[in-house]
Amino acid sequence: MSTGDLLHVVTADDIGPGRRLFGRVLVRGSAAVMAAVALLQILQETGTLDLGFRNWRPTLYAYVLWAVCLCWSRVVIEGEHGKRALFVLPAALFVVSLTVFPLIFGLVIAFSSWNLSSPDGRQFNGIANVVQMWNDPFYWNALGNMVWYVLAILPEYAMAFALALLLNAEIRARKFWRVAFLMPLMLSPVAVSWMIGKSMLEIRFGPLARLARQLGWDSPSFFGSPEVARATIMILDAWTFIPFMMIMLLAGLQAIPKELTEAARVDGARGWRAFWEVTFPLMLPVSVTAILIRIIFKLKLADIIINITSGGPGGATDSVTSFIFREYRDRSNVGYGTLLAMVYLVLIIIFMTILMKVAARWARPRT
C-alpha cells in the first residue's frame, strides 16, 4: 500500500513548452479577435463602414470569449497556480466589464449628435459637442457655482464641530439632543426641498415668508435674486448634511482618550487653548475624512436645486449635475449632456486627486 501523497499537483515545472505555447496562442488569439470586432464596430459607428451591426453585442460576445480564454490560459500555462487565479480573475473581469464598457459607450455618445426628439437618431459629429461646451456660458456658470457650493463646506464643518463638542459635553438630555440633531439627515433631500423650499419659504403663504414680513422685509422672495437664492440653497443643503459631519466628528471626539484631556487640564490648558492644542490636532484625521466625504456629496448636488429653482433665477443656483439633468430632461440632448458629464467626471477626478494628496499631509494626528 502506497504511503505517499496520492494527490498529484501540477506545478510550473511539469508543464511542457508545447502546452505553454498553446496557452499563449489561446489568449493572444482571442484578444486579437476582440480587438478586430471592436475596431469594426467603431468604424461602423463613425460611418466608415456599413457591416450591418445593430448594436454592440458582437463586441460583448468577443469580450466574453476573451475572458474565458484568459482564464483557461492561466490554468494551461501555470497549472495549479493558475487555478488559484480563478478565484479572483473572473470577478475582476466582470467588474471591468461593468466599468469599461459603459465608459466606452459614454465616450461614443459624447462625440455624437443624439437628440431624442430627432428622427435621425444618433449621428457621429466629432468635436462639435466640445466646441458647444466651450462656448456655453451656462455650463461655465454652473462650474462657478460649484466653487461657492464647495467653499460653503467650511462653515458647515465649523457648525458641525461646534455641535459635536456640545453633544460630547455633559449636558442634560444629551441622548435626546443627539437624536434631534440627526433628524435632518433622516429626511430625503427631495422631502426637504418640498417641505421647506416649496412650503415654508413660499412667498405668499409660507410661514417663514410671513415672519420675514413682520420683521420688515417687504417682499421676502427667497429665490428672487441670484445671491439670496444661492444662499438659500446652501442653507437647505447644509441643514440636511451638517448632522452627517457632526456624527463623524462626535465619534472622533469620543475616541480621544480621557487621560489626554485630563493631563491637559493639569498642565493648565483649558477652554480654547485646550481645544486648539489638544482636541483639534487629535481630530485632524477625522476632520479631513469628514470634509472629503462631504465634498463628494456636494459635487453631486442636484435634487434640492431641481425641485426648488430648476437652476434659476437665470442659472444662479445651477450646479453642474442639475444643469446636465436639464439637458437630458428638458432638451433631450443626450449627446451633449453625456459630454458635459464626461468632462465633469474628469474634473472631479483631478480635483479629488490633488485634494487627497494635500489632505494626506494634514490627516496625521498632531500632539
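See the structure shown above.
I will try to describe carefully the structure that is included in this document. Given the structure is predicted, the values throughout are model-derived calculations rather than measurements.

**Things to note about helix 6 (residues 137-151)**
An α-helix turns once every 3.6 residues. As a result, residues three or four positions apart point the same way.
Inference 1: With 15 residues, helix 6 should cover 21 Å at 1.5 Å per step; its first-to-last C-alpha distance of 22 Å lies within 8% of that length.
Inference 2: Within helix 6, the full set of buried residues consists of Tyr-139, Ala-142, Leu-143, Asn-145, Met-146, Tyr-149 and Val-150. Mapping the buried residues of helix 6 onto a view down its axis gives an arc of 160 degrees, with all of them on the same face. Structural note: helix 6 exposes Pro-137 and Trp-148 on the side pointing more than 90 degrees away from its buried face.
Inference 3: Sitting at the head of helix 6, Asp-136 places a side-chain oxygen 3.1 Å from the backbone nitrogen of Phe-138.

**A look at unusual backbone geometry**
Inference 1: Cis peptide bonds are those with omega within 30 degrees of zero, and the linkage from Gly-312 to Pro-313 qualifies with -5 degrees.
Inference 2: You can see Pro-313 is positioned in the loop between helix 15 (303-308) and helix 16 (320-329).
Inference 3: A positive phi is found at Ser-310, a non-glycine position, where the angle reads about 55 degrees.
Inference 4: One non-glycine residue, Ser-332, lies in the positive phi region at around 55 degrees.
Inference 5: For Ser-332, the position within the fold is in the loop between helix 16 and helix 17 (334-362).

**Notes on the packing of aromatic side chains**
Geometry of an aromatic ring pair is reported as the spacing of the ring centres plus the angle between the planes.
Inference 1: What the rule picks out here adds up to 14 aromatic pairs.
Inference 2: A ring pair is formed by Tyr-63 and Phe-101, whose centres lie 5.0 Å apart and whose planes are at 85 degrees; its orientation type is edge-to-face. A residue pair is termed long-range when its members are at least 10 positions apart, and Tyr-63 in helix 2 (residues 57-78) and Phe-101 in helix 4 (residues 89-110) qualify at 38 residues.
Inference 3: The class of Phe-101 is partly exposed, set by a relative accessible area of 24%.

Calculation rules
- Residues numbered from 1 in each chain as written.
- Predicted model: local features only at pLDDT ≥ 70, side-chain atom pairs only at ≥ 80, totals over all residues.
- Heavy atoms only, no water.
- Helix = DSSP H or I, 4+ residues; strand = E, 2+ residues; numbered from the N terminus.
- Expected span 1.5 Å × (residues − 1).
- Buried < 20%, exposed > 50% of the residue type's maximum accessible area, 1.4 Å probe, protein only.
- Arc of directions from axis to C-beta.
- Polar contact = N/O pair within 3.5 Å; in protein donor to acceptor, adjacent residues only side chain to side chain.
- Phe/Tyr/Trp six-rings, centres within 6.5 Å; stacked < 30°, edge-to-face > 60°.

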